[in-house]
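Survey of secondary and tertiary structure
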Amino acid sequence: MSPVISAERTGRRVEEVLDRLAAGGDPAAAAAAEELVRSLMDFYGSGLARVLQLLSAAPGEPAARLLGDELVASLLVLHDLHPEDRDTRITRALSCVRDQDLEVAGFDEDSGTLTLRAAGGGGCGCGSGAQEAVEAALACFAPEVRTVEVKQAPALLQIGTKTR
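If you're wondering where the values come from, they're calculated on a predicted model, not measured in any experiment.

Rules used throughout
- Residues numbered from 1 in each chain as written.
- Predicted model: local features only at pLDDT ≥ 70, side-chain atom pairs only at ≥ 80, totals over all residues.
- Heavy atoms only, no water.
- Helix = DSSP H or I, 4+ residues; strand = E, 2+ residues; numbered from the N terminus.
- Polar contact = N/O pair within 3.5 Å; in protein donor to acceptor, adjacent residues only side chain to side chain.
- Contact = heavy atoms within 4.5 Å.
- Axes fitted to C-alpha atoms, helices over the stretch in contact; angles between N-to-C directions.
- Parallel < 35°, antiparallel > 145°, perpendicular 65-115°, else oblique.
- Left-handed = near helix turned anticlockwise from the far one by under 90°.
- Nonpolar A, V, L, I, M, F, W, Y, C, P; charged D, E, K, R; others polar.
- Buried < 20%, exposed > 50% of the residue type's maximum accessible area, 1.4 Å probe, protein only.
- Expected span 1.5 Å × (residues − 1).
- Pairing = 2+ DSSP bridges.
- Core = buried A, V, L, I, M, F, W, Y, C linked by side-chain atoms within 4.5 Å.
- 1 Å grid on protein atoms, 1.4 Å probe; cavity = no way out; pocket = protein on both sides within 12 Å on 5 of 7 lines; lining within 4 Å.
- Points joined across faces, edges and corners; volume = space filled by probe spheres on them.

1. As for the side chain of histidine 82
You can see histidine 82 is positioned in the loop between helix H4 (70–78) and helix H5 (86–96). Separated by 3.2 Å, the side chain of histidine 82 and the backbone nitrogen of glutamate 84 make a polar contact. Beyond its immediate chain neighbours, meaning those up to four positions away, histidine 82 contacts Leu67, Ala73, Leu76, Val77 and Arg89.

2. Here's the deal with the packing of helix H2 (residues 27–56) against H4
Close contact between H2 and H4 brings their axes to 9 Å; oriented N to C, the two are set at 120°. Put simply, H2 runs oblique to H4. In the packing of H2 onto H4, the handedness of the crossing is left-handed. Residues Phe43, Tyr44, Ser46, Gly47, Arg50, Val51 and Leu54 of H2 touch H4, and the partners they reach there are Leu71, Val72, Ser74, Leu75 and Leu78. For the contact of H2 with H4, the per-class residue count stands at eight nonpolar, three polar and one charged.

3. A closer look at the environment of alanine 64
Structurally, the position occupied by alanine 64 is in helix H3 (residues 62–67). Classification of alanine 64 by relative accessible area gives partly exposed; the value is 41%. Taking the C-alpha atoms as reference points, alanine 64 and leucine 54, separated by ten residues in sequence, lie 9.8 Å from one another.

4. As for the side chain of aspartate 69
Considering the arrangement of structural elements, one finds aspartate 69 in the loop between H3 and H4. For aspartate 69, a relative accessible area of 11% gives the class buried. Separated by 3.0 Å, the side chain of aspartate 69 and the backbone nitrogen of valine 72 make a polar contact. Sequence-distant contacts of aspartate 69, defined by excluding residues within four places in its chain, comprise Arg50, Leu54 and Phe141.

5. Observations concerning helix H1 (residues 7–23)
Taking 1.5 Å per residue as the helical rise, H1 with its 17 residues ought to reach 24 Å, and the 24 Å between its terminal C-alpha atoms agrees with that figure. Glycine 25 sits one or two residues past H1 and shows a positive phi near 90°.

6. Thoughts on the sheet that holds strand S2 (residues 113–118)
One open sheet holds the three strands; their spatial order is S1-S2-S3, and the pairing between them is mixed. Only two strands of the sheet have a single partner each, and these edge strands are strand S1 (102–108) and strand S3 (147–152). For this sheet, the mean inter-axis angle between neighbouring strands, taken without regard to orientation, is 25°. Looking at chain direction, S2 and S3 are connected through six bridges and run parallel.

7. Focus on the nonpolar core
Core analysis: the largest hydrophobic core is formed by 17 residues, its most contacted members being Ile90, Leu116, Val134, Leu138 and Val145. Every element with two or more residues in this core is listed here: H5, S2 and helix H6 (128–141). By residue number, the principal contributor to this core is H6, which donates five residues. Among residues more than four places away in sequence, those in contact with valine 134 are Leu94, Val97, Leu102, Leu116 and Val148.

8. Focus: the layout of surface pockets
The gaps of empty space that remain are located by a probe, the size of a water molecule, rolled over the atoms. Roughly 270 Å³ of internal volume is contained in the largest pocket. Considering the residues around the largest pocket, the lining is formed by Ile5, Thr10, Val14, Val37, Leu40, Met41 and Tyr44. Among the elements of the structure, H1 and H2 are those that each provide at least two residues to the lining of the largest pocket. In terms of residue count, H2 provides more of the lining of the largest pocket than any other element does, four residues in total. Its residues placed into classes, the lining of the largest pocket shows six nonpolar, one polar and no charged. Each pocket or cavity is described by its volume, and for the second largest pocket that value is around 230 Å³.

Written as structure tokens, this is what we have:
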């Protein structure tokens, strides 16, 4: 069972650490620590607000809406609480990039490289904007993916078709 976290004790502890840093004589380090705490508070606050928004939104399965949300999913992954396995989360991330027809060709656990195959003929794979969208979605849902390679699927050769 997880220990009960007290907001009051946690707040006091954060203040003590920030005070120690300020008393240490390095104003830049103290300012950086305060900025770090503000950034984390903004991140978690946004995540919790989203949880409440999603739970009160349109009817449906609340868990599915939560797991499909990038911010909430990233919080769950960050804390190793996400109930879905890596492959399911990768599939979920790719479904967020709807304008791309991508399929998983493989994942190298040692390097964290995800190889995708761009289905469909023509072109040279997904463009840099699409690549960035894929990487951003994967960062939220599957941060164990560190590199993405997109390969173009070979064009299908049609044999035996006649034109008139």
